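Per-entry structural report
Each chain, letter by letter, is given below.
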Amino acid sequence: MKEFKPFRLDPVNHRLWRVSDEGEPAPVTMTAKAFDVLRYLVEHPGRLVSHEELLEALWSGVAVQPEVLKGHVLAIRNALNDDAQHPRYLETHRGRGYRFIADVMTAQKTDNRLSHTSAPLLIGRASPLKALRDALAQARNGQPKIVFVRGDAGIGKTALVETFCREVSSQHTTQSFGRCIEGFGGAEPFYPIIEVLSRLIKGANGNKVQDALVTVAPSWGNQLAGLLSREHQARLQRVAHISARSRMLGEFCELIEVLAEDEVFVLLLEDLHWADFSTLDLISAFARRKSSVKLLLLATYRSDECAVRGTALRQLVNELLLHKLCESVDLIGLSQQDIAEYVQSDDSEESRSFVQLLLHCSGGNPLFLGTILDHLQNIHMASVDQGRWKNDVPLSQISLEIPERINHVVETKISTLDDETQRALEAASAVGQIFNPVVPATAAGLSARRFEEICEALSRTRTFIHRCGTDTLAGGQVVRLYRFSHALLREVLLNRQGPLRLAQSHALIGKELEKSYPSELRAHAAFELVEQFSNAREWSKGLTYLKIALQTAKRRYAHQDALAILDKADAIAVHLSNGERELTQTVLLEDRASIYATNHDPRALQAFTHLVQMSEQLRYSEIQARAELGLAFTLSWRDATACIPHLENAARLSNAQTEPQLKARIRLSSAIWRIWIAGWDPNQAKICEENLIPLRNGSDRQITAWGLIEYSMVCLISSRYRECLETVDTNLEMLVGHAVDRPEFNIFRAIWMAHLGRPWAYTLLGEWGRALKEFDASEALFVGNANRYSICTLEMLRGFLYLIAGDYQAVKDICSKLGFYKDKTGHQPAALYTLVLANEIRHCTLLAGAAEIGLGNLDGGIDTLKQLERDMLEQPALTDWYWLFLLEWSLANALLQSGDIELARLHADRMIDRSDRTIEVTWRTLARELRCRIAIEEGDLEHALRLINDALHMADVMGAPIVDWRVHRTAAQLYRLQGDSAGASLHQQLFNEKSQRLLDSLPSDHRLRASFARLMA
């Protein structure tokens, strides 16, 4: 709210008010566009705003003449009763623009306050409150703090943080809060964070928040586009962005730094025991970020709920505590002294005994204590006089089994209410822990106004519910939010309703929720709608909204959250009618199997096997073809040969497709994965090229994009590294943009291929600095998604780069991080860096053996690589054929160093033979350079010359940026031995140029510069 006396401008509800001397506001009528012009000027007071800036901000993309502003400025002056000659508000600068010259103040709104009621009596919490104050002081000094407030249900977590937030609200702080909600709401990615940002947008500094979202956090702005002003929506559309998981985590941290730039930002997340995985990942990412942002993040959660179902939360808190990245405030039950203070006990024996009884019955739980006292008062066994409680009957007559019978106590309390109030509370309990009066009113058989009157009467005495901020409905109507004083109260209210009545209430509430959210914002309410319609047994409708939630998780790349959503979807799908049920279950199973495959989760094998059987039985040939491809990919992790029949089945099933583009995509995928898994095959490469034509010529651009993303992997292993990058960059954005409306495309796998392909391609292109950046960005994405396999694969590809650049210790460190040396050191890798599958264990072993050789342990490295070669040849796994090149090269080099020329020649010849079966120039060139050095060692200079000339020709024609420097160095050595000083000088110069190019591609302070310089020397 902006104030310039005597006017008050409300940018949220688009209203201008004139405030009388008595403080009574009266609305001022003006057109919508004139209001927008006034709002923009008020939000930029004291600054000259040009005509061009106003037109760009308010008429973006529309051809409008500057003269149109004059009419709106005149309307503003008439509304403000301002004189153009002697302005008090709006000053005109002819030909340049306008300046708002009145003093503008920001009126403090209460949108983000946790509670509007007076402070509750806080007993026995002096120490926890001091801990929060100390944390705030540190945050104010630029030391961001994360504090977890935990304890059992009813222990007073909310009362503590409410008291604290109320206390600091006048101390130059920004506050906002978000809540995790029970049941279906717990799975929506970033659910409470979205609420936090929504409240900030609607708050007093909403314009600043919107500016920050567009400039530093467009991925989040995209998620909240429906809440942004028109000019901010227009600005957001001009910002190129993809809502990648890694971007969202990083952008949120940058957003916080902007919001907490001038004053401390207190961010409260409630009920974290119901949090989605993505929110936990965000907290983890922020905790590890080194910054001086003035942030205090408070998070409450039930320790009892966490113990039962919050494994991820428990692990997060324990890990952050271990590394001193957070603090914990553990609330325990009230002591006997605390309860004595609460009831204002005197020092008599009777009073002490009464306090002991209350402690025994309540267990020190503040909620139970208050409920017991109210109950005793209602049954005339206790009374209160000016805050002092005393028993009115002998203690021997008071017998309460609490907390075991707390439901009975609460039920007794409910029964004292009139029927209308009971109906209102029962309907509200079906909505959730927090509700507004509009949504449950119909279910209670009341008008929204009457429902609000009942809630106001209850909240004034804090009986059952209390006020909890405000919300704005789709039509701009502002409504009060109310919150149950404790979850147990809501549970009792739910349990006292019969299933038929409760189902009817949920149906009516679901319909009201649909009215409350416009279509563009309905995705944010998907879980609330799922819960209502599922409880109403309207299964199809509930499943529709659950699919929307699943699409949201896909857009945010939240794998664990997507799996949690699928669990809920499976539970709903069993209630569908025949026909609809089978198709839905098949589609859900394909989603689940695809996520498993992306994470290389062993459960993928069973999921795809079941999917093949189910789709074959139901005659869903297109789904069956995709299932066969997925099953082949899964089998290849341990046995490359076992997957071939399934790839052939997928190609055969393509014959059932009548659409040429779709048929081409299936055949193309089958051929691509056969090459990728089992090795280069000219026949399969020909099939790829033949099917690219109908794929590209088809009308469905998304099918084309999906096929080309897969084809980029063929480019990567056939020396077309630049084409691989261009193909990925061109097509991935299209797939991401249509992930919602095309669920049959496994967007997760496309992202996996892109984020592994990019750093790999830059490595082979010799753009090592860019490769390192891509490794960092990709690994951050997969860490956020807890994608173990992709993290390990990236680490090993990074190790390959270090190996080629000569940093053998760094390679060994990576292998140690992945647990290769755990038998010797006792090291146990972190869960996300634990090798599981055969192919990843083999590739790590290969790196470890090559690193040992580079560090001088020839015998140990040779033994490791020889045993590995036997394993890879006996039962090849995914991409073993490719990594055998590196194995033969490393082994032959080691044998050459050890003096075993004959065995070195054997492995070098094997490398030539294997690489010549492909069109991969890097390895073919490197194989000939190696064999040339062996021929030089044998004294066969004529053979050596033929080999080096072949290598030079390949490198010149096709390009081999990471190995051509080696070829020129060996050529210079050979020409010197032959007495050709001119040739030797030429190749020495080319060696210097090629190696310097690689060196220059690295950051100036990176450790690889030193190691590569040593390698060149």
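A quick note: this is a predicted structure, and the numbers were derived from the prediction, not measured. (Residues numbered from 1 in each chain as written. Predicted model: local features only at pLDDT ≥ 70, side-chain atom pairs only at ≥ 80, totals over all residues. Heavy atoms only, no water.)

**Quick notes on the overall build of the chain**
Secondary structure assignment for the chain yields 47 helices and 18 strands. Oriented by its inertia axes, the alpha-carbon framework of the chain measures out at about 110 × 85 × 60 Å. Total accessible area computed for the chain in this model is approximately 41500 Å², and 49% of it derives from carbon and sulfur atoms. Considering the chain, the positive charge centre built from 114 side chains and the negative charge centre built from 127 side chains are found 2 Å apart. (Helix = DSSP H or I, 4+ residues; strand = E, 2+ residues; numbered from the N terminus. Areas by Shrake-Rupley, 256 points an atom, 1.4 Å probe, with all protein chains shown as cover. Lys, Arg positive; Asp, Glu negative; His and termini not counted. Charge placed at Lys NZ, Arg CZ, Asp CG, Glu CD.)

**Comments concerning the confidence of the model for the chain**
Of all residues in the chain, 92% attain a pLDDT of 70 or more, and the chain-wide mean is 86. Here residues 108–119 is modelled with pLDDT under 50, and outside its nearest four sequence neighbours on either side it reaches 42 contacts, counting other chains as well. (pLDDT = per-residue confidence, 0-100. Contact = heavy atoms within 4.5 Å.)

**A closer look at unusual backbone geometry**
In this chain, Lys-5 is followed by Pro-6 through a cis amide linkage whose omega measures 5°. Inspection of the secondary structure assignment puts Pro-6 in the loop between β1 (2–4) and β2 (7–10). Backbone geometry places Asn-81, a non-glycine residue, at a positive phi of 55°. Its relative accessible area of 57% is what places Asn-81 among the exposed residues. (Buried < 20%, exposed > 50% of the residue type's maximum accessible area, 1.4 Å probe, protein only.)

**Quick word on the side chain of Arg-581**
Mapped onto the fold, Arg-581 is located in helix α26 (residues 580–598). Polar contacts involving the side chain of Arg-581 include one to the side chain of Asn-578, which spans 2.4 Å. When near neighbours in sequence (up to four residues on either side) are disregarded, Arg-581 contacts Ala-573, Val-574 and Leu-576. (Polar contact = N/O pair within 3.5 Å; in protein donor to acceptor, adjacent residues only side chain to side chain.)

**Structural notes on the sheet that holds strand β12 (residues 295–302)**
Spatially, the five strands line up as an open sheet ordered β10-β11-β12-β9-β13, and their pairing is parallel. Two strands in the sheet have a free side with no partner beyond their single neighbour: β10 (173–179) and β13 (327–330). Across the sheet, the mean angle separating the axes of adjacent strands is 20° when strand polarity is ignored. Relative to β12, strand β11 (residues 264–270) runs parallel, the two sharing five bridges. Of the residues in β12, the one forming a bridge with Leu-268 is Leu-298. Sheet contacts for helix α11 (residues 277–287): β9 (145–151), β11 and β12; angle to β9, the most-contacted strand, approximately 135°. (Pairing = 2+ DSSP bridges. Axes fitted to C-alpha atoms, helices over the stretch in contact; angles between N-to-C directions.)

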